[in-house]
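Secondary and tertiary structure notes
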Amino acid sequence: AALRREAIGEWRVSDAVPMDRLGKDVGLLTPAASVAHLPSFEVTVEEAEALGHGRRIPSDRPTTRPSAAVLAGRLIAVGHGTPEGLFQPDVVMEGA
């Protein structure tokens with residue numbers, strides 16, 4: 001008997017698309033969709049530019065859990081709050 005993983009979190013094997021079917025009509029998930037399980041908050045264009053350069057921005061995000069910074073539905077960064085009341089980007093996807 002062999003074990004086979006059927007899911008990781010909300011991602012199911014049955015929902016996977018074979019590589020040869022990817023193309024114009026069938027695509028990959030957006031970066032924002034891939035972190036939809038995280039709490040998110042909207043940032044301004046100026047904040048997105050700062051995050052895009054790896055800089056912290058003022059925020060009241062909790063320090064115990066990662067969250068996603070988004071601008072108009074686009075994932076800008078994933079990071080965490082700091083005790084100083086800032087959002088520290090850990091992974092930057094794009095700027096404004």
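What comes next is a walk through the structure. Keep in mind it's a predicted model, so treat the numbers as computed, not measured.

Rules of the game
Residues numbered from 1 in each chain as written. Predicted model: local features only at pLDDT ≥ 70, side-chain atom pairs only at ≥ 80, totals over all residues. Heavy atoms only, no water. Helix = DSSP H or I, 4+ residues; strand = E, 2+ residues; numbered from the N terminus. Buried < 20%, exposed > 50% of the residue type's maximum accessible area, 1.4 Å probe, protein only. Contact = heavy atoms within 4.5 Å. Areas by Shrake-Rupley, 256 points an atom, 1.4 Å probe, with all protein chains shown as cover. Lys, Arg positive; Asp, Glu negative; His and termini not counted. Charge placed at Lys NZ, Arg CZ, Asp CG, Glu CD. Pairing = 2+ DSSP bridges. Core = buried A, V, L, I, M, F, W, Y, C linked by side-chain atoms within 4.5 Å. Salt bridge = Lys/Arg side-chain N within 4 Å of Asp/Glu carboxyl O.

Moving on, we come to the overall build of the protein. In terms of helices and strands, the protein carries 2 helices and 7 strands. Starting at the N terminus, the α and β elements of the protein follow one another as β-β-α-β-α-β-β-β-β. The principal-axis extents of the C-alpha atoms in the protein amount to approximately 50 × 35 × 15 Å. For the protein, the residues scored as buried account for 26% of the 96 residues in total. Long-range pairs, those at least 24 residues apart, make up 46% of the contacts in the protein between residues at least 6 apart in sequence. Element-wise, carbon and sulfur atoms account for 55% of the exposed surface of the protein, whose accessible area totals about 6,700 Å². Counting 10 positive and 13 negative side-chain charges, the protein places the centres of these two groups 6 Å from one another.

The strand order β3-β5-β6-β7-β4 describes an open sheet built from 5 strands, whose pairing is mixed. What marks the edges here is a single partner per strand, and that holds for β3 (40-42) and β4 (57-58). The pairing of strand β6 (residues 74-81) with strand β7 (residues 86-92) spans 5 bridges and is classified as antiparallel. Pairing of Gly 81 across the sheet is with Phe 87, part of β7.

By size, the foremost hydrophobic cluster in this structure holds 11 residues: Phe 41, Val 43, Ala 48, Ala 50, Leu 51, Ile 57, Ala 69, Leu 71, Ile 76, Ala 77 and Phe 87. Secondary structure elements with two or more residues in this core: α2 (45-52), β5 (67-71) and β6. Here this core gets 3 residues from one element, more than from any other, and that element is α2. Among residues more than four places away in sequence, those in contact with Phe 41 are Ile 57, Ser 59, Arg 61, Ser 67, Ala 68, Ala 69, Val 70 and Phe 87. If you look at the next biggest cluster of nonpolar residues, it comprises 6 residues, including Val 35, Leu 38, Val 70 and Val 78.

Pairing of β4 with β7 involves 2 bridges; the strand directions are antiparallel. By the bridge assignment, Pro 58 is partnered in β7 with Leu 86. The antiparallel pairing of β6 with β7 creates a hairpin that spans 4 residues between the two strands, and Gly 85 there sits at a positive phi of about 80°.

As a further point, take unusual backbone geometry. For Ala 72, which is not glycine, the phi dihedral falls at a positive 55°. Here Ala 72 is to be found in the loop between β5 and β6.

On inspection of all chains with the given rule, the structure shows 3 salt bridges. Of the charged contacts, one joins Glu 84 and Arg 56 as a salt bridge, the two residues approaching to 3.9 Å between their closest N and O atoms. In this pair, Glu 84 is assigned in the loop between β6 and β7 and Arg 56 in the loop between α2 and β4, connecting sequence segments 28 residues apart. Residue classification places Arg 56 among the partly exposed positions, given a relative accessible area of 42%.

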